[in-house]
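Examination of the molecular architecture
What follows is the residue order along each chain.
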Amino acid sequence: MTENKSPHIIDSKINLEEATCPNREQRANGINVWYGKASDLVKEAREGTLTRRERKFQQTSGCVLNFYLTVRVGTIRDAAVVYHAPVGCSSSALGYRELYRGVPVELGRPAEYDLHWITTNLRENDVVYGATEKLKSAIFEAQRRYNPKAIFVMTSCTSGIIGEDIEGVVAEVQPKVKARIVPVHCEGSRSRLVQTGYDAFWHGVLKYLVKKPQKKQKDLVNVASMLSYTWQDRLEIKRLLEKVGLRVNFIPEFATVEQLEQLSEAAVTAPLCPTYTDYLSRGLEQEYGVPYFLYPSPMGIANTDAWLREIGKHTGKSKEIEKLIEDEHKVWIPKLKAIQEEFAKVKADGKKVEVLGALGQGRLLAQLPYFDELGLKSSAAMCQDFDNLILGDLENLIKNVGDFDILVNTFQAAEQSHITRKLDPDIALTCPFQGGAFKRDKGMTRIHALRGDPDPWSRQSGYTGAIAFGNFLLQSLKSSAFQRTMLEKTENTYKDWWYRQPDPLHYLIKEDGEP
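In the nomenclature of an unreviewed UniProt entry, the protein chain is known as Nitrogenase of Methanoregula boonei.

Here you go:
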């Protein structure tokens, strides 16, 4: 990871004396709306002039509690979750079965994976008079019903607004409960950036669960990732590291409490998604000396080589890693060249195929070099959010692939549709949820699948992922069934007026002095 030297960069110190982490806005000057050249984004971040802006209108947004936490924390084996919230705030957890049931047990998914889940069902009287007694009762009930090793207490907007004393309840109840209680301060209203939820979860894990190492496990590699990395990605990472005698500590889905307790014993923390892993990685190094790196992610052949070499440095496996890379190249480089040749033939004029993707900031850093490796051109990209954690690496990315337009927009479908119509790329890649489908007659497909997709075609990580996703992108140019269906069967979502607006951020509230 490149060292950030700007005075506007994060305070990297993790303070586990605090009840929770700072918001990403505070820790890394995070934003979720911006449009322009990537070089200008870097310039404003370096100068400290990058500001958080508001829209007059937006279609959707993420929630610190519900954006991934509800469907992930609940899968932790031998644990239970208490939502200190109105009952509706835990409804997203119901999606866990749809997310994971498609993964065959033979591929490693636990056969029994029902959630251990309780809600305090906060209501009007609780808002007026407080609900700490309900929280205590729920914790006792979770212990009685499930006998877990850990109980995660997930907070909500409501518990945050009424100022519930979560830490006080934990201090009072913990001596009477066998399970370790882990408060996670993920009030949806505390931050506009859902990444704050990731940090809040890792803060709770670091503070309450991770134990001092009993022994260092030189062959253990911590790997955490976003939900957008599929089950097949996990299998590919496992395949590669096991070939050199290393074991993977995958977290958090379907991990045991013991796996979380032993994070301090690993040889290194390696990222699939750096923005998701950042807080945990820094905390483990600070508290227990576990080394980490954040970039690169193993997406594409070159990035996978570099990712493996970083792991080799920290595990004493550099020679074995070089042999692994040599062996893998013999298998996969010819397949990569075949994909490159097919892309090169798509346009009669010999120009590169243009691709526009909607990405998280971690995927942005990994995927644009990968597209370049495939022989594609990315003159623009969409990014869910941006913060100074990736500033130095974004600068390196611009040096390596050239400057590009970037739209930071957190799943605003109208804005994504606008920039896609304006730039008219050969392939448009969208997230598989929150307005990710709209009409167009050129190539269009998903930018990634989700964790529960067990299809080998859903891979993006490692060597098999580099080839699988390359072929997936090629297929988007060969099959137009989706586009035809959208064109023939659906009404236009937006009026022509919208596309005539010069700026996709039309609904941004102007600042003083702006035209």
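1. Examining the overall build of the protein chain
Of regular secondary structure, the protein chain possesses 20 helices and 13 strands. Over its C-alpha trace the protein chain gives a radius of gyration of 23 Å, about what one expects of a compact globule, namely 24 Å for 515 residues. Considering the protein chain as a whole, with its 515 residues, one finds that 57% of them fall into the buried category. Working note: accessible area of the protein chain is about 21300 Å², and carbon and sulfur atoms make up 49% of it.

2. Considering the side chain of T230
For T230, the location among the structural elements is in the loop between strand 6 (220-224) and helix 10 (231-243). Classification of T230 by relative accessible area gives buried; the value is 1%. Polar side-chain contacts of T230 include one of 3.3 Å to the side chain of S458. Residues within four places of T230 in sequence aside, it is in contact with A449, L450, R451, D453, S458 and R459.

3. Digging into helix 9 (residues 195-209)
Since one α-helical turn is 3.6 residues long, residues separated by three or four positions face the same way. Compared with an ideal rise of 1.5 Å per residue, which puts 15 residues at 21 Å, helix 9 spans 21 Å between its outermost C-alpha atoms and is within 8% of the ideal. In terms of burial, helix 9 is a largely internal element, 14 of the 15 residues being buried.

4. Structural notes on the nonpolar core
Counting 125 residues, the largest nonpolar core has F152, M154, L364, F386, L394 and F404 as its most contacted members. Top element by residues in this core is helix 9. It accounts for eight residues. Those residues in contact with F152 that sit more than four places away from it in its chain are V73, I76, A79, A80, V81, V82, V182, V184, F201, V205, L209 and L260. Counting 16 residues, the second largest nonpolar core, distinct from the first, contains I139, I166, V173 and A179.

5. Here we look at the packing of helix 10 against helix 18 (residues 462-478)
Running from N to C, helix 10 and helix 18 cross one another at 140°; their axes reach a closest spacing of 7 Å. Between helix 10 and helix 18, the angle falls in the class oblique. Of the residues in helix 18, those touching helix 10 at E236, R239 and L240 are G462, Y463 and T464. Classifying every residue of the contact of helix 10 with helix 18 gives two nonpolar, two polar and two charged.

6. Focus on the sheet that holds strand 8 (residues 268-271)
The three strands are arranged 7-6-8 in an open sheet whose pairing can be described as parallel. Looking at strand neighbours, the two that pair on one side only are strand 7 (247-251) and strand 8, the edges of this open sheet. Each strand axis lies, on average, 30° off the axis of its neighbour in the sheet, ignoring direction. Judged from the four bridges that link them, strand 6 and strand 8 form a sheet pairing that is parallel. Residue pairing for strand 8: V221 is matched across the bridge by V268. Along the sheet, helix 10 contacts strand 6 and strand 7; its crossing angle with strand 7, the most-contacted strand, is approximately 155°. Of the strands in this sheet, strand 6 and strand 8 are in contact with helix 13 (residues 301-315), which crosses strand 8 at around 175°.

7. Observations regarding the environment of K510
Its location among the elements puts K510 in the segment after helix 20 (496-500). On a C-alpha basis, the gap between K510 and R500 in space is 19 Å, while along the polypeptide they are ten residues apart.

8. Things to note about the domain arrangement of the protein chain
As far as domains go, the protein chain holds domain 1 (68-191), domain 2 (213-315) and domain 3 (318-509). Using C-alpha coordinates to define each centre, domain 2 is positioned 25 Å away from domain 3. Opposite the 35 residues of domain 2 that make contact, domain 3 presents 40 residues. Across the domain 2 to domain 3 interface the summed buried area is about 3300 Å²; carbon plus sulfur atoms make up 58%. Here domain 2 is connected to domain 3 by three salt bridges. Across the salt bridge formed by R309 and E322, the nearest N and O atoms sit 2.7 Å from each other. Taken together, the connections running from domain 2 to domain 3 amount to 18 residue pairs in polar contact (both at pLDDT 80 or more).

9. Digging into the sheet that holds strand 2 (residues 79-83)
Two pairing modes exist for strands in a sheet, parallel and antiparallel, and in both the strands are linked by backbone hydrogen bonds. With parallel pairing, four strands are arranged side by side in an open sheet as 3-2-4-5. Of all strands in the sheet, those bounded by a partner on one side alone are strand 3 (117-119) and strand 5 (180-184). Each strand axis lies, on average, 20° off the axis of its neighbour in the sheet, ignoring direction. Across five bridges, the pairing between strand 4 (residues 150-154) and strand 5 is parallel.

10. A closer look at the side chain of S156
Along the chain, S156 falls in the loop between strand 4 and helix 7 (157-161). Here S156 falls in the buried class, since its relative accessible area comes to 1%. Side-chain polar atoms of S156 contact the backbone oxygen of H84, separated by 2.8 Å. Excluding its chain neighbours within four sequence positions, the residues that come into contact with S156 are L65, H84, A85, P86, L122, E187 and G188.

11. Details of the packing of aromatic side chains
As enumerated under the stated definition, the model contains 15 aromatic pairs in all. Here Y100 and F254 contribute two aromatic rings whose centre-to-centre distance is 5.0 Å and whose plane-to-plane angle is 75°, an arrangement assigned as edge-to-face. Note that Y100 is positioned in helix 4 (residues 96-100) and F254 in the loop between strand 7 and helix 11 (257-261), a separation of 154 residues in sequence. On the basis of an interplanar angle of 55° and a centroid distance of 4.9 Å, the ring pair of F201 and W202 is categorised as tilted. For F201, a relative accessible area of 1% gives the class buried.

12. Observations concerning the packing of helix 15 (residues 361-374) against helix 16 (residues 391-401)
Between helix 15 and helix 16, the least distance of the axes is 10 Å, while the angle of their chain directions is 10°. Taken together, the axis directions place helix 15 and helix 16 in an arrangement best described as roughly parallel. Each of L364, L365, L368, P369 and D372 in helix 15 lies in contact with helix 16, whose residues at this interface are D393, L394, L397 and V401. Counted by class, the contact of helix 15 with helix 16 contains seven nonpolar, no polar and two charged residues.

Thresholds applied
- Residues numbered from 1 in each chain as written.
- Predicted model: local features only at pLDDT ≥ 70, side-chain atom pairs only at ≥ 80, totals over all residues.
- Heavy atoms only, no water.
- Helix = DSSP H or I, 4+ residues; strand = E, 2+ residues; numbered from the N terminus.
- Rg over C-alpha atoms; globule rule 2.2 N^0.38 Å.
- Buried < 20%, exposed > 50% of the residue type's maximum accessible area, 1.4 Å probe, protein only.
- Areas by Shrake-Rupley, 256 points an atom, 1.4 Å probe, with all protein chains shown as cover.
- Polar contact = N/O pair within 3.5 Å; in protein donor to acceptor, adjacent residues only side chain to side chain.
- Contact = heavy atoms within 4.5 Å.
- Expected span 1.5 Å × (residues − 1).
- Core = buried A, V, L, I, M, F, W, Y, C linked by side-chain atoms within 4.5 Å.
- Axes fitted to C-alpha atoms, helices over the stretch in contact; angles between N-to-C directions.
- Parallel < 35°, antiparallel > 145°, perpendicular 65-115°, else oblique.
- Nonpolar A, V, L, I, M, F, W, Y, C, P; charged D, E, K, R; others polar.
- Pairing = 2+ DSSP bridges.
- Domains from an automatic or database assignment.
- Buried area = accessible area lost by both parts, 1.4 Å probe.
- Salt bridge = Lys/Arg side-chain N within 4 Å of Asp/Glu carboxyl O.
- Phe/Tyr/Trp six-rings, centres within 6.5 Å; stacked < 30°, edge-to-face > 60°.

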